[in-house]
Amino acid sequence: MGAPKQRALLAVLLINANRAVSADQLMAELWGERPPPSAAGLLAGYVWGLRNGLGDPGGRMLSTRAPGYRLVLPAGATDVDEYEGLVVAGRKSLAEGDLSSAVAALTEGLGMWRGTPMADVAMVPSVLAESARLEEARVAVVEARIEAEIGLGGHEALLPELKLMVSQFPLRERLHAHLMVALYRSGQQAEALGAYRDLRRLLVDELGVEPSKPLRELQGRILRDDPLLLEAPRGTTTAAPRLAVPRTLPPDVPAFIGREHELAWITARLTGGEQRCAVHGMAGVGKTALAVHAAHRVAGSFPDGQVHLNLGASATHGPTPPVDAIGRLLAALGVPAADIPPDEERAAALLRSALADRRVIIVLDDVADSEQIRRLLPAAPGCAVILTSRPASTAVDGSGLLRLGRLPTTAATALLRRYAGAPRVDTDLAATVRLAEFCDHLPLALRIAATRLARRPEWTIGEFAARLADPVRRLDALTCDGLSVRDGLRAGVRLLRRVADPFATCALGQLGVLDLPVVSTAALAAALDIPVVLAESAAERLVDAGLIETVRMDRYRVPGLVRLFATDEYVTADEERTSTHRIVGYYEGAVRDQLSRLAANRGAGLAWYREECLTLRALAARAPGTELPRLVNRLSSALR
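The sections below set out a description of the structure shown in this document. (Residues numbered from 1 in each chain as written. Predicted model: local features only at pLDDT ≥ 70, side-chain atom pairs only at ≥ 80, totals over all residues. Heavy atoms only, no water.)

### What about the nonpolar core?
- Membership of the largest hydrophobic core comes to 99 residues, with the highest contact counts inside it found for Ile266, Ile386, Leu435 and Leu478.
- The contact partners of Ile386, leaving out residues within four places of it in the chain, are Ile266, Leu270, Cys277, Ala291, Ala294, Ala295, Ile361, Ile362, Val363 and Leu364.
- Counting residues in hydrophobic clusters, the runner-up holds 38 residues, among them Ile150, Ala177, Ala182 and Leu218. (Core = buried A, V, L, I, M, F, W, Y, C linked by side-chain atoms within 4.5 Å. Buried < 20%, exposed > 50% of the residue type's maximum accessible area, 1.4 Å probe, protein only. Contact = heavy atoms within 4.5 Å.)

Laid out in structure tokens, this is it:
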């Protein structure tokens, strides 16, 4: 949203989220006390533009509510909500004497700050007031965090920060009190008393007042060498656990081929100070191999450990629960099992404390959803994490998302050459290209095929490609040493079953019936005999399960291996006849519609035919007794 007033409007509505803001107040915010005569119309235009920008043309999120407008947001939808939730948790832990948890929560909250709040928005009255409120609250949170860290014995390390904060906020007595205690505990009694004298002089000269009673009492305790000033409060944890330096990454890929650009992107991001990146894509596309290889590449920048956690679902169990994942990570860091709390919140607090002031790279592999890892993501600025998942993770902003696609032909051939042997590949390059196509250019399938060839030097690549050409045998042939394309696809089905979409698994079966490399949502809806909107939802579930790929908004690419899998496991003869009849009928109607419109818009008909040509030819060949072949020939002749 480039228009400054539209950005300011969004800011004001966010500040007043879930409350109606009158049109008069909004106009006063945007134009001051004397808005122009056209202000009401301009405001309505900005609201219309905002709704479109938010993907909310119907006005459900940004609703019209007398006497103005209301932005409807669920709890926790803004970064301020998340920040203030962490602050509340940190203050609660501080009040209860759990200083480690307090430091972890408050540090995580402060780590969300990216400079001045709403710095790119015009300082209209509401924005100015909210920015000032947040800035003031931030300093108070820093004070609370420092108090907890002093209680944990971190007084010496805090001295540079405290001296800087005191110079920036010279009238805040709580900061001066923290500085005095930190100096005293560091053996600098004279400096602690000097800090008090400096503050008193400033208050008397500037405001004509003495320091507050608590600060005067603290000065007296320092003068008396009160031994209690050297003790941490009762019931506090005074030290983080002594940790190991974990090295739990799987062995690096011996020959990494075809992902140089993606590898450079990840390593540059993690070594450049970013904390998170996420790799997503289809089953078997090589997400884990890329993440592990990248983690090995940047290991030197994370000397305190490199950790790999597989969080995926097995055939008998669901995805790893968050509390178990936190426990496994703490165990990898050397925390004894007896010291790991059984509840998720306390375990997460211990993890944040364990990672504070450390540089650890963590690979969270096969993540089911963002809730599974919400408490696993490190808050410490020196740590970094690489996520892999089939759906794009919402735990990482858009700039940190990397979609991994299939390998190009040259890279697929190079992978086969590396693992099956260069002489065999170079002897029959045409057969190698066919073999890569039967593997859908997916690294998992290519690696399995190459390994099988390496173990059978008597086989030629042409012979093995001929075996894979048989659709009945292909999936069984792509299994070796515990690696299986079929198992990878079944994992995707388990993800489907976790969502409450009754049509998702049915849609997978229909993709086997259609047996088309590219399918539109309209065709899928016809095959399923459901509305297009439900077919769209089912197709998106299949994308998130790593079974198909998006070509554009209403078209999807279906790998041949997925079509074979769906046919084997989800299609009966009766379903195949019924669905084929429906889809052929749908395309007969679509071709008739295009024929009727040719005179009016020949260009549109030609564009549609080019897009659907392969599908039409494939269906016409499979349904010779229907009207479709004749209609397709008529359309082709008319357009020729």
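Right, picking up where we left off after that structure.
### Regarding unusual backbone geometry
- Phi at Asn18 is positive, roughly 70°, even though this residue is not glycine.
- With respect to the helices, strands and loops of the structure, Asn18 is situated in the loop between α1 (4-15) and β1 (21-22).
- Its identity as a non-glycine residue notwithstanding, Met118 has a phi of 55°, on the positive side.
- For Met118, the location among the structural elements is in the loop between α5 (99-110) and α6 (125-151). (Helix = DSSP H or I, 4+ residues; strand = E, 2+ residues; numbered from the N terminus.)

### Description of the packing of aromatic side chains
- One pass over the full model with this rule turns up 5 aromatic pairs.
- Ring centres of Trp31 and Tyr46 lie 6.3 Å apart, and the angle between their planes is 25°; this geometry places the pair in the stacked category. With Trp31 in helix α2 (residues 23-31) and Tyr46 in helix α3 (residues 39-53), this pair connects stretches of sequence that are 15 residues apart.
- Between the aromatic rings of Trp459 and Phe464, the centroid separation amounts to 5.5 Å while the plane-to-plane angle is 25°, which identifies the pairing as stacked.
- A relative accessible area of 2% means that Phe464 is categorised as buried.
- The aromatic ring of Tyr419 is capped on one face by Arg418, whose charged end is 5.6 Å from the ring centroid. (Phe/Tyr/Trp six-rings, centres within 6.5 Å; stacked < 30°, edge-to-face > 60°. Lys NZ or Arg CZ within 6 Å of the ring centre and 35° of its normal.)

### Considerations on the pairing of strand β3 (residues 68-71)
- Direction of pairing for β1 relative to β3: antiparallel, over a ladder of 2 bridges. Paired with Ser22 across the two strands is Gly68, which belongs to β3.
- Pairing between strand β2 (residues 62-65) and β3: 4 bridges, direction antiparallel. Within β3, the position partnered with Thr64 by the bridge is Tyr69.
- Linking two consecutive strands that pair antiparallel, namely β2 and β3, is a turn of 2 residues. (Pairing = 2+ DSSP bridges.)

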